[in-house]
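Examination of the molecular architecture
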2 protein chains.
Amino acid sequence: MSVESPSGLVETRAQLFHGFSDRSRLSIVEALREGERRVSDVVAVTGLTQPNVSMHLACLWECGLVAREKRGREVYYRLIEGVPELLSAADVILVVAGETVGACPRYRVGRRAA
Amino acid sequence: MSVESPSGLVETRAQLFHGFSDRSRLSIVEALREGERRVSDVVAVTGLTQPNVSMHLACLWECGLVAREKRGREVYYRLIEGVPELLSAADVILVVAGETVGACPRYRVGRRAA
DNA sequence: CATCAGTATTCGCTTATGCTTATACAGCAT
DNA sequence: ATGCTGTATAAGCATAAGCGAATACTGATG
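What counts, and at which threshold
Residues numbered from 1 in each chain as written. Chains lettered and ligands numbered in written order. Predicted model: local features only at pLDDT ≥ 70, side-chain atom pairs only at ≥ 80, totals over all residues. Heavy atoms only, no water. Near = heavy atom within 4 Å. Polar contact = N/O pair within 3.5 Å; in protein donor to acceptor, adjacent residues only side chain to side chain. Helix = DSSP H or I, 4+ residues; strand = E, 2+ residues; numbered from the N terminus. Nonpolar A, V, L, I, M, F, W, Y, C, P; charged D, E, K, R; others polar. Pairing = 2+ DSSP bridges. Buried < 20%, exposed > 50% of the residue type's maximum accessible area, 1.4 Å probe, protein only. Contact = heavy atoms within 4.5 Å. Buried area = accessible area lost by both parts, 1.4 Å probe. Salt bridge = Lys/Arg side-chain N within 4 Å of Asp/Glu carboxyl O. Disulfide = S-S within 2.5 Å.

Description of the protein's contact with DNA strand D
Taken together, 29 residues lie near DNA strand D, and A:Ser24, A:His56, B:Gln50, B:Ser54 and B:Tyr77 sit nearest. By atom count, sugar and phosphate contribute 70% of the portion of DNA strand D lying within 4 Å of the protein. Contact between DNA strand D and A:His56: a phosphate oxygen at 2.6 Å from a side-chain N or O atom of the residue. A distance of 2.9 Å is found between a base nitrogen of DNA strand D and a side-chain nitrogen or oxygen belonging to A:Arg73. Elements represented by at least two residues in the surface near DNA strand D include exactly helix H2 (23–32) and helix H4 (50–62) of chain A together with helix H3 (39–46), helix H4 (50–62) and strand E3 (74–79) of chain B. Sorting elements by how many residues they give to the surface near DNA strand D places H4(B) first, with 4 residues. Class assignment for the residues of the surface near DNA strand D results in 8 nonpolar, 9 polar and 12 charged.

In structure tokens form, the structure reads like this:
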């Protein structure tokens, strides 16, 4: 069952969006937006813990949303094609609905009790 | 703090994607893709329960991702502008990464133990 | 081989949130 | 008013999944 299947498509799309639905993963993605980065670079930029970044990157990689290349003992990650465009499409919506989305009361997306 | 703010942007984007990260909500969105629909229409098309659909639509509406119009005792919902484009951008990615995304082992996005 | 830097993995906990069932509310007809 | 249709809300439960801490790999260097 490929992407062609209507019902499977919805399922797969949901999973894709889920990959980007977490604040931490999205900040990692943002860090990769300018080009490939080592894990430790991402850690430095995002302020997340190393295991956390590693987990999220593994998650994104397993889902095929980032590419990975090992050089020596370092591992470089980069976004696959299409991702920047998806982010742009999201930002277009946010121009209009940003305030509302940001204030959405039904979920907090990882914003742990703060 | 508007969409302009870098950190706030990531947060808001995460929430936006979260809105589309659920299988049920996404099937509802898909149902709305062809135009405005009543709640009961969406129920019929998706096979979800009426309270469930109502909840998800309320969620999407509060987040500003769908527009709502009441006519008599019926309520019509439709997608706001930019959403179809976001879905298309997602599909572009899925053409390449669809198989991988669909098989992503780290989460199941609402696919309850089946 | 010993050590260190960079990365990945596991465990356990906590929280978010989707679902079901029951029920309440709103508007129209008789 | 009564009843019916369409929609929304609430309570309670079950589960997904993010996080911190500890630890295991892996490859480079001396």
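Observations regarding the pairing of E3(B)
All names here are of chain B. Bridging between strand E1 (residues 37–38) and E3 involves 2 bridges; their strand directions are antiparallel. Bridge assignment links arginine 38 to a residue of E3, and that residue is tyrosine 76. Where strand E2 (residues 66–71) and E3 come together, 6 bridges link them in antiparallel fashion. Following the sheet pairing, alanine 67 is matched in E3 by arginine 78. Hairpin connection between E2 and E3: a loop of 2 residues separates the two successive antiparallel strands, and glycine 72 in this loop has a positive phi of roughly 65°.

Some details on helix H2 (residues 23–32) of chain B
All names here are of chain B. For H2, the tally of buried residues reaches 8 of 10 residues, placing the bulk of the element in the interior. By the burial criterion, the buried members of H2 are Ser24, Arg25, Leu26, Ser27, Ile28, Val29, Ala31 and Leu32. Capping the start of H2, aspartate 22 holds a side-chain oxygen 3.0 Å from the backbone nitrogen of serine 24, two or three residues further along.

Some words on the interface of chain A and chain B
Many authors give the size of an interface as the accessible area that is lost as the parts come together. Taken together, the 56 residues of chain A in the interface contact 55 residues of chain B. Interface area, chain A with chain B, both sides summed: about 5100 Å², of which 67% is carbon and sulfur. A salt bridge links B:Asp91 to A:Arg13; its shortest N-O distance comes to 2.8 Å. At the junction of chain A and chain B, the tally comes to 10 residue pairs in polar contact (both at pLDDT 80 or more). When residues of the side of chain A that touches chain B are assigned to their parent elements, the largest contribution, 15 residues, is made by helix H5 (residues 83–102) of chain A.

Here we look at the state of the cysteines
Residue and element names in this part refer to chain A. Applying the stated rule across the entire model yields 0 disulfides over all chains. Summary of cysteine pairing: cysteine 59 is not part of a disulfide, and the nearest cysteine sulfur, belonging to cysteine 63, is at 4.7 Å. Judged by its relative accessible area of 5%, cysteine 59 falls in the buried class.

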